[in-house]
Amino acid sequence: MLEHIELFFKSIFIDNMVFAVFLGMCSYLAVSKKVATAVGLGAAVIFVLAVTVPMNWLLDKYLLQDGALAWLGPEYAEYNLSFLSFILFIATIATMVQLVEIVVEKFSPSLYNSLGIFLPLIAVNCAILGGSLFMQAREIETFGLAFNYGVSSGIGWFLAILAIAAIREKIRYSNVPAPLRGLGITFIITGLMGIGFQSFGGMLTGGGDSEESVETETAVEKIESEDLGTLELNKNKKNEIDENEISYNDAIKK
Amino acid sequence: MSDKRLTFKKRLHILKHHYRGKKMAPAFNAIHTFLFAPDETTHSGSHVRSADDLKRTMNTVIMALVPVLIFSMFNAGYQHFSAINGFPENFSVMEHFLTWDNFWIGIIKVIPLLVVSYGVGLLIEFIFAVIKGHEVEEGYLVTGMLVPLIVPIDTPLWMLAIAVIFGVVIGKEVFGGTGMNILNPALTIRAFLFFAYPTWMSGDKVWVYEARERAEQIAEGATNIDAISGETVLGFLAQGKGAEMDTIYSTWDMFWGFIPGSVGETPTFLILLGGLFLVFSKIASWRIMLSAVLGSLVMGLIFNGVVDQGWITGNSPFYGLMSFDFWKHLLVGGLAFGIVYMATDPVTGAQTNRGKWIYGFLIGFMSVMIRVFNPAYPEGVFLAILLMNVFAPTIDHYIVQGNIKKRLKRLTNATIYPKDSEGEAKELKAETV
């Protein structure tokens, strides 16, 4: 029970789909002009995540994982079909989205019209595929937890799009500088909201983080030296490319 | 009349007329209205007859902040000398606190923070006003005062300057200036400092003047100085050193503010007075303050209850803060300061009355929760307020929608009596009209 509660809050606030991993940004940015529409899309995303993550969990467990086919018989125990995860996950997601589209069109034509192209685009919403892939990568153990994970990460995405839609309605009449109007200011708002959501960063990790501030400086130095290394590599590569270009140009001239 | 006899006011007036309609006009207008009472009257749009303009609102908040600022200047010195010589026995306010030595430390450490904050912030406001061609807005007056009060005392001035530039440009000006921002600019500045320079913003070496400098000198091999440190009450508790903390600071110390912390967040008593002043001058919302206090008390009570039930034992990393008496959360750290001066920001807070209750309650609730559950940020009040700033428009939206629905329902159920051609009242349902 405790792990359910922990996973629930963790995926809503700490590993928020938008502010922690920046997934599902396209529809988040595009359909957040009005709260009502945003709520519709958010609800659709919750539904799709809640259905696809457990379904993909089943697929992963009984079809894709290393040795998952053991239930067919001992001769299948050595198969590892995990290279098929992307294509199978996407197939599940596309089917489910089609279903949602049919249902929404039937029961709420106005929502269907206001969502427009973005409803079918849920199929390629990275938050949805991301949910399934995170489920696979984090090795979520039971079907119940997978369902919980789908619902709660959907709720996290829903909260994010709800908040930004309300903010965008509020600033509709603000005197935003002309070059920033529209998407520009939305990106800035998203960044600022991310700062707000930082309050959850590091929560539920059990207190090991207090040491972190001491080590930060060394970490920065390391990164810097690594950066320098990669920079030099890049330079070398550039030189090579330049040489190649010269020879190519020369070749043309000849 | 020769130029020499002209008063400053007249020169300013001449300059103002000279630049009227030109690019630099807003800058001179701002200086004029700031220093002298403006003689212009509103010449367009609708007129609201009220003595309560933006400048006066801002000045009231600044007045409520001045006692805190003066206290913090003395406290800067008091913490510094106490860290060197040990806390005085038989503490008396006149002998140990209100001394010139203490005040001098305040002058050399707190005043530069204040000057940089105002200088950089107002410079940006002026530049933006000139570029965009509107009058300079007074919005930065309060922010500029709040910023030095919520940073650790040893914050380098260049860091503060960068953070102020970020906070004013990204936090406010890109949204169209004063009154349009979604996050409190002062808190945006604090958050920027916190995430960009974490080693300067937390730990036990940043809250007392010279502590960091001395630690660096000792690390380089200096032997003629002693290391000093000052851990905040919350820092002690987060590390599970509550018993040690009790021997150093009493509850009355926390109430009067003789504890280390960000420059101006410690004097709970003066903040309380400032809060009452703001409530009675009707500048700040008492709903937000009251509900935020309630929220923090409720969360504190829940945590105390959990400890009393024995669900959390001394081994848990959360034990120290969870077992802290629920009402003492209001006395330490930035909670009181945040509730009174930050949460009540009329621009970024919730704007409907019922929304204010929800908004304030969640601020108090989240503040204590972040303190306890997030070991990285025991001083997490500012993050709680930023988070609720993000959700304030959502809360408002649903309160407004709820009201609209309620009124529509009332209207459709109402009975009205239009007169027909014969002058007789006829009962009709509104929905049929």
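Residues numbered from 1 in each chain as written. Chains lettered and ligands numbered in written order. Predicted model: local features only at pLDDT ≥ 70, side-chain atom pairs only at ≥ 80, totals over all residues. Heavy atoms only, no water.

(A) Looking closely at the packing of aromatic side chains. One pass over the structure, following the stated rule, counts 30 aromatic pairs over all chains. Here a set of aromatic residues connected by ring pairs shows up, and it is made of B:F71, B:F74, B:Y78, B:F97, B:W100, B:F103 and B:F258. Cation over ring: A:R138 sits above A:F134, and NZ or CZ is 4.4 Å from the ring centre. One Lys or Arg, B:R190, reaches over the ring of B:F382 and ends 5.0 Å from the middle of that ring. (Phe/Tyr/Trp six-rings, centres within 6.5 Å; stacked < 30°, edge-to-face > 60°. Lys NZ or Arg CZ within 6 Å of the ring centre and 35° of its normal.)

(B) Broad picture of unusual backbone geometry. At A:F22, a residue that is not glycine, the phi angle is positive and equals roughly 50°. Its place among the elements puts A:F22 in the loop between α1 (2-14) and α2 (25-30). (Helix = DSSP H or I, 4+ residues; strand = E, 2+ residues; numbered from the N terminus.)

(C) View of the interface of chain B and chain A. Taken together, the contact between chain B and chain A spans 37 residues of the former and 37 residues of the latter. Taken over both partners, the interface formed by chain B and chain A buries close to 3100 Å², and the fraction arising from carbon and sulfur atoms is 76%. Inspection of the chain B/chain A interface yields zero salt bridges. Inspection of the region where chain B meets chain A yields two residue pairs in polar contact (both at pLDDT 80 or more). Listing elements by their share of the side of chain B that touches chain A, those giving two or more residues are α8 (185-196), α9 (198-201), α18 (353-373) and α19 (381-413) of chain B. At nine residues, the largest contribution of residues to the side of chain B that touches chain A is made by α19(B). Residue composition of the side of chain B that touches chain A, grouped by class: 25 nonpolar, 10 polar and two charged. (Contact = heavy atoms within 4.5 Å. Buried area = accessible area lost by both parts, 1.4 Å probe. Salt bridge = Lys/Arg side-chain N within 4 Å of Asp/Glu carboxyl O. Polar contact = N/O pair within 3.5 Å; in protein donor to acceptor, adjacent residues only side chain to side chain. Nonpolar A, V, L, I, M, F, W, Y, C, P; charged D, E, K, R; others polar.)

(D) A look at the nonpolar core. Formed by 175 residues in total, the largest nonpolar core has its most connected members in A:Y28, B:F337 and B:Y341. Not counting chain neighbours up to four residues away, the residues in contact with B:Y341 comprise B:V61, B:A64, B:L65, B:V68, B:L146, B:I271, B:G274 and B:L278. (Core = buried A, V, L, I, M, F, W, Y, C linked by side-chain atoms within 4.5 Å. Buried < 20%, exposed > 50% of the residue type's maximum accessible area, 1.4 Å probe, protein only.)

(E) Structural context of the pattern of salt bridges. Residue and element names in this part refer to chain B. Within the structure shown, the criterion is met by five salt bridges over all chains. Here D154 and K109 are joined by a salt bridge, their closest N and O atoms 3.4 Å apart. Separated by 45 residues along the polypeptide, D154 in the loop between α6 (140-149) and α7 (157-169) and K109 in helix α5 (residues 100-132) bring together distant segments of the chain. The pair formed by D154 and K109 is uniform in burial state, with each residue classed as buried.

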